[in-house]
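The residues making up each chain are set out below.
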Amino acid sequence: MAEKTMRAVLVVVLCLCVPPALGFYVPGVAPVEFKSGMPVDVKAVKMTSTKTQLPYEYYSVPFCQPTKIKYKAENLGEVLRGDRIVNTPYQVNMMENKACEVLCMKPDKALKWTKAESDLVAEKIRQDYSIHFIADNLPSATRFEMLDTGQVMYEHGYRIGYVVDNVPYINNHLKLVLHYHTEDDQTFRVVGFEVEPRSIKYGELTAKDGKCTFPSDPEKKLAGQAVKDKQETEVMFTYTVEWKKSLVRWASRWDTYLTMTDVQIHWFSIVNSVVVVFFLAGILTMIMVRTLRRDIANYNREEDVEETLEETGWKLVHGDVFRPPRYTKLLSSLVGAGVQIFFMSVITIAFAMLGMLNPSMRGSLMTSMIFLFVFHGLIAGYFSGRLYKSMKGTTWKTAAFQTATIYPGIVFGTAFLLNFFIWGEHSSGAVPFTTMLGLLAMWFGISLPLVYLGYYFGFRKQPYEVPVRTNQIPRQVPEQVWYMNPLVSMLMAGILPFGAVFIELFFILTAIWENQFYYLFGFLFLVFSILVISCSQISIVMVYFQLCGEDYHWWWRSYIVSGGSAIYVFLYAIFYYMTKLEIEDFIPGLLYFGYTSLMVFTFWILTGTIGFYAAYIFVRKIYSAVKID
């Protein structure tokens with residue numbers, strides 16, 4: 001009866017958590033049809049820098065503002081990413097080119113920055129900030145050519161300025177190049193958005209009645225607009241609009257943004273990882289199967305019983321192998337958190353692989369991950385509760401509370417502390433207080449009750465059956481060889497799973513810290529599958545060696561050793577920080593290592609849970625295959 005009720009609850013929860021992900025995001029992919037002369041809104045998303053890792057909203061810098069500033073309503077993922085989508089004064093109409101327009105409300109006068117404003121802009125230029133616009137939900141990009149190959153590449157957004165001889169220059173003239181596609185010359189679709197920034201000193205252009213004109217001599221080189229420290233600055237913002245016909249269809253308009261990296265290297269690396277990992281996994285499987293068959297055959301021989309009993313091996317610890325470990329409550333809580341992360345990861349990657357969480361749907365990936373994690377508290381509670389009962393646990397309510405709070409509490413607490421530093425920098429990346437209250441409400445109002453509900457049903461079910469009885473007196477564990485030391489075992493066991501993911505890890509880190517788009521979710525699903533296989537294989541091998549050494553304390557060891565690849569992930573993150581990023585200040589470095597530590601901790605819980613269940617199934621299997629007197 002309890003099992004049927006549990007299945008019904010699971011179906012209800014899945015119905016609750018799946019439709020929002022589908023129903024909310026899929027309609028957003030419909031193309032927008034424009035007729036000639038219709039306005040095309042150019043909006044600002046945020047300003048970002050790889051040097052500071054602190055996003056800022058567009059009007060945190062004294063740019064020209066429209067008559068009325070309107071912020072777009074954002075989803076949870078956009079807020080957490082630091083996006084603050086707002087309208088801009090750029091006037092763009094479909095199929096209408098503009099030679100040169102003055103941007104600010106006083107069209108014939110320069111915008112005058114105070115000393116403090118000039119210092120602020122100069123600081124942002126030196127920190128290599130880029131501005132991100134969108135037009136028809138298509139992000140802006142800057143086109144450039146590689147000097148050695150001449151290959152055309154694109155950079156997200158456009159630089160706010162540049163520095164020459166330690167003097168910052170502001171890019172105050174933008175050429176907005178928009179590409180359109182049409183089938184009937186009546187309706188048009190935006191399929192490309194490029195920005196060509198330029199710095200032009202005030203006075204170089206002639207401005208009148210909101211229009212501006214370039215010098216009649218096209219070969220005349222225009223001076224750049226310098227922004228000097230601790231001085232007032234006069235600057236005029238201008239822009240040009242150019243429409244270009246394109247053969248690119250609307251469905252393919254994101255290809256430009258998703259091919260900014262060398263895909264061939266990505267393909268080669270992924271295939272190489274797949275081949276190597278499957279080759280090693282095959283060797284391990286063959287060795288384990290042959291060794292186990294021989295062991296089981298020897299143990300099950302009716303003759304030479306006395307000789308068999310005198311042998312050392314994993315059979316000798318059959319009376320202690322299922323003895324509950326220390327800190328059963330903590331172990332079951334970590335395993336429950338790992339189950340929650342596992343199901344959240346699988347469903348998120350599957351949705352993204354099917355195109356439901358593509359980059360055009362800003363914030364959808366993070367929003368879906370949070371909601372899926374919250375709703376899978378039910379499954380986490382069920383698995384954790386049944387495991388806790390199998391380990392002879394009794395205080396299930398306390399264990400359920402620990403399962404619901406240990407991982408989210410660490411993540412939320414760390415993010416909350418880091419958020420104080422972001423608040424101090426007045427960055428848009430700081431999570432608003434109301435959003436934090438909303439996250440707390442989801443945690444304690446949805447996830448916590450679901451964990452308790454799952455724990456209730458999991459604890460009521462029969463514990464996992466074990467094939468042998470546990471002795472009353474624990475067996476003494478002999479001294480182990482050096483390579484069975486927990487730290488050495490972690491380092492050895494972590495190499496194989498890390499080898500499966502480190503190439504993909506590079507692209508994920510690049511997407512997070514260098515403002516790139518990550519889109520190869522098909523590859524990610526393949527790599528995730530290989531990670532599950534490799535973690536399971538290595539956990540089984542290490543537990544087998546441990547039991548052969550007559551050490552039956554495998555419960556915690558299987559969890560910790562399986563997560564050994566997290567050590568290599570952290571070391572690789574340090575290597576990435578030292579070689580790829582240009583972070584110099586304390587707070588950006590603190591944010592990097594703070595959030596990276598959370599990623600590594602999550603990865604350890606995930607891989608540890610995978611390895612634990614693989615080892616648990618393996619141990620039950622081999623001890624059920626031998627005859628125990």
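Calculation notes
- Residues numbered from 1 in each chain as written.
- Predicted model: local features only at pLDDT ≥ 70, side-chain atom pairs only at ≥ 80, totals over all residues.
- Heavy atoms only, no water.
- Helix = DSSP H or I, 4+ residues; strand = E, 2+ residues; numbered from the N terminus.
- Buried < 20%, exposed > 50% of the residue type's maximum accessible area, 1.4 Å probe, protein only.
- Areas by Shrake-Rupley, 256 points an atom, 1.4 Å probe, with all protein chains shown as cover.
- Salt bridge = Lys/Arg side-chain N within 4 Å of Asp/Glu carboxyl O.
- Expected span 1.5 Å × (residues − 1).
- Arc of directions from axis to C-beta.
- Contact = heavy atoms within 4.5 Å.
- pLDDT = per-residue confidence, 0-100.
- Disulfide = S-S within 2.5 Å.
- Lys, Arg positive; Asp, Glu negative; His and termini not counted.
- Polar contact = N/O pair within 3.5 Å; in protein donor to acceptor, adjacent residues only side chain to side chain.
- Patch = residues over 30% accessible without salt bridge, like charges linked within 9 Å, V, L, I, M, F, W, Y side chains within 5 Å.
- Charge placed at Lys NZ, Arg CZ, Asp CG, Glu CD.
- Axes fitted to C-alpha atoms, helices over the stretch in contact; angles between N-to-C directions.
- Left-handed = near helix turned anticlockwise from the far one by under 90°.
- Nonpolar A, V, L, I, M, F, W, Y, C, P; charged D, E, K, R; others polar.
- Phe/Tyr/Trp six-rings, centres within 6.5 Å; stacked < 30°, edge-to-face > 60°.
- Lys NZ or Arg CZ within 6 Å of the ring centre and 35° of its normal.
- Core = buried A, V, L, I, M, F, W, Y, C linked by side-chain atoms within 4.5 Å.
- Pairing = 2+ DSSP bridges.

Asker: I tried to follow the overall build of the protein chain on my own but got confused; where do I start?
Answerer: If you tally the helices and strands in the protein chain, you get 16 helices and 18 strands. Looking at the protein chain residue by residue over its 629 residues, the buried ones come to 51%. When the accessible surface of the protein chain is totalled, it reaches about 30500 Å², and 61% of it is carbon and sulfur.

Asker: What's the story with the pattern of salt bridges in this structure? I'm lost.
Answerer: Pairing is possible between side chains that carry opposite charge, provided their charged atoms lie close to one another. Enumeration according to the criterion identifies twelve salt bridges in this entry. One salt bridge in this structure joins Arg253 and Asp136, with 3.1 Å as the shortest N-O distance. One end of the pair, Arg253, is in the loop between strand E18 (238-245) and helix H4 (255-258); the other, Asp136, is in the loop between strand E6 (130-135) and strand E7 (138-139), and 117 residues separate them in sequence. A residue is classified by how much of its surface remains accessible, and Arg253, at 5% relative accessible area, is buried. One network of salt bridges, with partners in common, ties together Lys46, Arg81 and Asp83.

Asker: Is there a simple way to explain helix H3 (residues 115-126) in this structure?
Answerer: Turn by turn, an α-helix covers 3.6 residues, leaving residues three or four places apart pointing in a common direction. The end-to-end C-alpha distance of H3, which contains twelve residues, comes to 16 Å, matching closely the 16 Å that a straight helix rising 1.5 Å per residue would cover. The complete set of buried residues in H3 reads Ser118, Val121, Ala122, Lys124 and Ile125. On an axial view of H3, the arc spanned by its buried residues comes to 160°, and they lie on one face. Set apart from the buried face of H3 by more than 90 degrees, the exposed residues are Lys115 and Ala116. If you follow the buried residues of H3, they end up packed against strand E2 (42-48), strand E5 (111-113), strand E11 (161-164), strand E12 (167-170) and strand E17 (233-235).

Asker: So what exactly am I meant to see when it comes to the confidence of the model for the protein chain here?
Answerer: Any region with low pLDDT has predicted coordinates that should not be read closely. Per-residue pLDDT for the protein chain has a mean of 83; in total, 88% of the residues score no lower than 70. This stretch, residues 1-28, has a pLDDT under 50; its non-local contacts, to residues over four places away or in other chains, come to 35 contacts. Across residues 307-311 the pLDDT falls below 50, and counting only partners more than four positions away or on other chains, this stretch makes five contacts in the model.

Asker: I would appreciate a short explanation of the state of the cysteines in the present structure.
Answerer: Note on terminology: disulfide describes a covalent bond linking the sulfur atoms of two cysteines. Counting across every chain of the model gives two disulfides. The disulfide bridge from Cys64 ends at Cys104, spanning 1.7 Å between sulfur atoms. Sign of the S-S torsion, about -60° for the bond between Cys64 and Cys104, identifies this disulfide as left-handed. Of this pair, Cys64 sits in the loop between E2 and helix H2 (76-81) while Cys104 sits in the loop between strand E4 (98-102) and E5, and the two are 40 residues apart along the sequence. The two residues Cys64 and Cys104 agree in class, both being buried. Disulfide pairing places Cys100 opposite Cys212 at an S-S distance of 1.7 Å. For the disulfide bridge between Cys100 and Cys212, the dihedral angle about the S-S bond is near -95°, and by the sign convention the bridge is left-handed. Taken together, the residues Cys100 in strand E4 and Cys212 in strand E16 (residues 211-213) connect sequence positions 112 residues apart. Here Cys100 falls in the buried class, since its relative accessible area comes to 3%.

Asker: Help me understand the side chain of Arg386 in this model?
Answerer: Within the fold, Arg386 resides in helix H9 (residues 377-390). Within the buried core, Arg386 has no salt-bridge partner, and the shortest N-O distance to an opposite charge, that of Glu465, equals 7.1 Å. Looking at Arg386, its side chain comes within polar contact range of the main-chain oxygen of Gln462, at 2.9 Å. Once you skip the residues sitting within four places of it in the chain, Arg386 turns out to touch Gly458, Phe459, Lys461, Gln462, Pro463 and Tyr464.

Asker: Explanation requested: the side chain of Ser489 in the structure shown.
Answerer: Along the chain, the position of Ser489 falls in helix H12 (residues 486-513). Leaving out residues up to four positions away in the same chain, Ser489 has contacts with Tyr483, Met484, Met542, Arg557 and Val561.

Asker: Help me understand a negative patch on the surface, please; the structure alone is not making it clear to me.
Answerer: On the surface, Glu123, Glu425, Glu582, Glu584 and Asp585 cluster together into a patch of negative charge. Summarising the element assignment, Glu123 is placed in helix H3.

Asker: Which parts of the structure should I look at to understand the packing of H9 against helix H11 (residues 433-460)?
Answerer: When two helices pack together, their arrangement is given by the angle between their axes and by how far apart the axes lie. Two numbers describe how H9 lies on H11: the axes approach to 6 Å, and their chain directions differ by 35°. The two elements H9 and H11 meet at a crossing, and its hand is right-handed. Contacts between H9 and H11 involve Gly377, Leu378, Gly381, Tyr382, Ser384, Gly385, Arg386, Tyr388 and Lys389 from the former and Leu450, Val451, Leu453, Gly454, Tyr455, Phe457, Gly458, Phe459 and Arg460 from the latter. Here the residues of the contact of H9 with H11 are counted per class, giving nine nonpolar, six polar and three charged.

Asker: Would you explain the packing of aromatic side chains in this entry?
Answerer: Within a pair of aromatic rings, the relevant descriptors are the distance that separates the centres and the angle that separates the planes. Inspection of the entire model under this criterion finds 53 aromatic pairs. Ring geometry for Trp396 versus Tyr456: centroids 6.2 Å apart, planes at 55°, classification tilted. A residue pair is termed long-range when its members are at least 10 positions apart, and Trp396 in helix H10 (residues 396-424) and Tyr456 in helix H11 qualify at 60 residues. For the pair Tyr577 and Tyr592, a centre-to-centre distance of 5.1 Å together with 35° between the ring planes defines the contact as tilted. Of this pair, Tyr577 sits in helix H15 (residues 565-579) while Tyr592 sits in helix H16 (residues 586-624), and the two are 15 residues apart along the sequence. By relative accessible area, which is 15% here, Tyr577 ends up buried. On the accessibility criterion, Tyr592 (0% relative accessible area) is buried. When the ring centre of Tyr56 is taken as reference, the NZ or CZ atom of Lys124 above it lies at 4.4 Å.

Asker: How should I be thinking about the nonpolar core in this particular structure?
Answerer: Side chains of nonpolar character tend, in soluble globular proteins, to be buried together. If you look at the biggest cluster of nonpolar residues, it comprises 79 residues, and the most contacted ones within it are Leu547, Trp554, Ile605, Phe612, Val619 and Tyr623. The biggest single contributor to this core is H16, with 16 residues. Excluding its chain neighbours within four sequence positions, the residues that come into contact with Phe612 are Leu331, Val335, Leu387, Ser539, Trp554, Trp555, Ser558, Tyr559 and Ser562. By size, the runner-up hydrophobic cluster in this structure holds 53 residues, among which are Cys64, Val92, Tyr129 and Leu258.

Asker: Where do I start with the environment of Trp243 in this structure?
Answerer: Among the structural elements, Trp243 can be located in strand E18. For the pair Trp243 and Glu96, spaced 147 residues apart in the sequence, the C-alpha separation amounts to 7.2 Å. At 2.9 Å, the side chain of Trp243 and the backbone oxygen of Asn93 are in polar contact.

Asker: How should I be thinking about the pairing of E2 in this particular structure?
Answerer: In summary, the side chains of a regular strand alternate between the two faces of the sheet. Across the seven residues that make up E2, a large majority, six, are buried. For E2 and E6, the ladder comprises six bridges, and the chain directions are antiparallel. Opposite Lys46, over in E6, you have His132 as the bridge partner. Direction of pairing for E2 relative to strand E3 (residues 86-87): antiparallel, over a ladder of two bridges.

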